[in-house]
Amino acid sequence: MPLPTDQDDELVSLYPDAQVASEGGTEFVLLPGLDLPEGVTPTRVDALFCPTARDGYPSRLYYAVAPQNTPPQFRNINASHVMGRPWYACSWRVRTGLRLAQAIRAHLDALKRS
């Protein structure tokens, strides 16, 4: 499924190094050096955003390294193999209907400790 092209400019303005990648008919957004919320370690990590349903979730944000120092509900980290390498995702759902940049932000905001 192709990514919505009307959101390209918004995505690139927030994530200038973003790249579209595809595997098995699914398009992903590779986000090199994505800044994680304050207090989460590592502070920067390569991430892979899947804006379509996958693994029982409406969208997924995968991390090259499992995030640490996250709220208790994110201690359940799932490993997946996508595009030839391992990725880690938290068990978290964001609401559907968000723009790409909004969905990425919602996944990141969920990692913040209150």
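Since the model is a prediction, treat every value here as computed from it, not as a measurement.

(A) Spotlight on the pattern of salt bridges. Under the defined criterion, the tally for this structure stands at six salt bridges. We note a salt bridge from Arg 99 to Glu 10, for which the minimum N-O separation is 2.7 Å. Residue Arg 99 is found in the loop between strand 6 (85-90) and helix 2 (100-109), and its partner Glu 10 is found in helix 1 (residues 8-14); the two are separated by 89 residues along the sequence. For Arg 99, a relative accessible area of 30% gives the class partly exposed. Here Glu 10 falls in the partly exposed class, since its relative accessible area comes to 26%. In this structure, Asp 55 and Arg 60 form a salt bridge, with 3.9 Å as the shortest nitrogen-oxygen distance. Taking the relative accessible area as the measure of exposure, Arg 60 reaches 3% and is therefore buried. Salt bridges sharing common partners tie together Asp 6, Glu 10 and Arg 99.

Thresholds, definitions, all that
Residues numbered from 1 in each chain as written. Predicted model: local features only at pLDDT ≥ 70, side-chain atom pairs only at ≥ 80, totals over all residues. Heavy atoms only, no water. Salt bridge = Lys/Arg side-chain N within 4 Å of Asp/Glu carboxyl O. Helix = DSSP H or I, 4+ residues; strand = E, 2+ residues; numbered from the N terminus. Buried < 20%, exposed > 50% of the residue type's maximum accessible area, 1.4 Å probe, protein only.

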